[in-house]
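# Working through the structure, step by step
Listed below are the residues making up each chain.
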Amino acid sequence: MREHARVGGGPVPDRGDGLPELMDRVARGDQEAFAGVFDRVSGPVLGVVRSVLRDPAQSEEVAQEVMVDLWRSAARYRPDRGSVLNWALTLAHRRAVDRVRSEQAASDRTRRVALLDHSPAYDEVTEEVESRLDRERVRRCLRGLTERQRQSVTLAYYRGLTYREVAELLSLPLGTVKTRMRDGLIRLRDCLGVTA
């Protein structure tokens, strides 16, 4: 088998390695041919995945998914577009990046839920206002707001979040949050009889 040196490490088969022919056989369901492809590309695939994910267990899982993809999509391989190894490494990199994005999205969702779950209870929110205003008036006025207005006002004024943080937490456009907060504060002011 002809090989050339890979930058930063060991040999990588070049296009004269017979991999395109093996992939052609794999596309027709030849399991022995796939074993040959697997032996030659699984190590570099795992290396690429591990360089993106860093976690050994996830890296092995994603590398295995890539190899299954190679088996299933062998018919899509086009030798005129690049080597089998480059195609496999491209699939590996994409799959690893997708995993990172998926993990990040899950982490972001968990963080948002945790922040919402740790919102102060209603009575804690009203304590600052109670010193100047009657407790029942404040409750009645807050109940008069829409759920979204009440949520936005509570997060901004009683949790100390910025408009942008409230928008991110609620997954809403910034302008929508600003409008809800403005409308909610106007309704609270009018309900409480506060003069400007």
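Now for a description of the structure that goes with this document.

Below, the discussion takes up the packing of aromatic side chains. Evaluated as defined, the whole model comprises three aromatic pairs. Relative to F38, the ring of F34 has its centre 6.2 Å away and its plane inclined at 55°; by these criteria the two rings are tilted. Of this pair, F34 and F38 both sit in helix α2 (residues 31–53), four residues apart, which is roughly one turn of that helix. Judged by relative accessible area, which is 15%, F34 ranks as buried. Connected via pairs of aromatic rings, a cluster forms that spans F34, F38 and W71. Sitting above the plane of the Y163 ring, K178 keeps its charged end 5.7 Å from the centroid.

Packing of α2 against helix α3 (residues 56–72) leaves a shortest axis separation of 8 Å and a crossing angle of 140°. Between α2 and α3, the interaxial angle falls into the category oblique. Of the two elements, α2 crosses α3, and the hand of that crossing is right-handed. From α2, Q31, F34, F38, V41, S42, V45, L46, V49, R50 and L53 reach across to α3, where they touch P56, Q58, S59, E60, V62, A63, V66, M67, L70 and W71. Across the contact of α2 with α3, the residue classes tally to 14 nonpolar, four polar and two charged.

Below, the discussion takes up the environment of D30. If you trace the backbone, D30 turns up in the loop between α1 (19–27) and α2. It is 9.6 Å that separates the C-alpha atoms of D30 and W71, two residues lying 41 residues apart in sequence. When near neighbours in sequence (up to four residues on either side) are disregarded, D30 contacts R25 and W71. Among the polar contacts listed, one links the side chain of D30 to the side chain of R25, at a separation of 3.0 Å. Among the polar contacts made by the side chain of D30, one reaches the main-chain amide nitrogen of E32 at a distance of 2.9 Å.

Cut-offs used in this document
Residues numbered from 1 in each chain as written. Predicted model: local features only at pLDDT ≥ 70, side-chain atom pairs only at ≥ 80, totals over all residues. Heavy atoms only, no water. Phe/Tyr/Trp six-rings, centres within 6.5 Å; stacked < 30°, edge-to-face > 60°. Helix = DSSP H or I, 4+ residues; strand = E, 2+ residues; numbered from the N terminus. Buried < 20%, exposed > 50% of the residue type's maximum accessible area, 1.4 Å probe, protein only. Lys NZ or Arg CZ within 6 Å of the ring centre and 35° of its normal. Axes fitted to C-alpha atoms, helices over the stretch in contact; angles between N-to-C directions. Parallel < 35°, antiparallel > 145°, perpendicular 65-115°, else oblique. Left-handed = near helix turned anticlockwise from the far one by under 90°. Contact = heavy atoms within 4.5 Å. Nonpolar A, V, L, I, M, F, W, Y, C, P; charged D, E, K, R; others polar. Polar contact = N/O pair within 3.5 Å; in protein donor to acceptor, adjacent residues only side chain to side chain.

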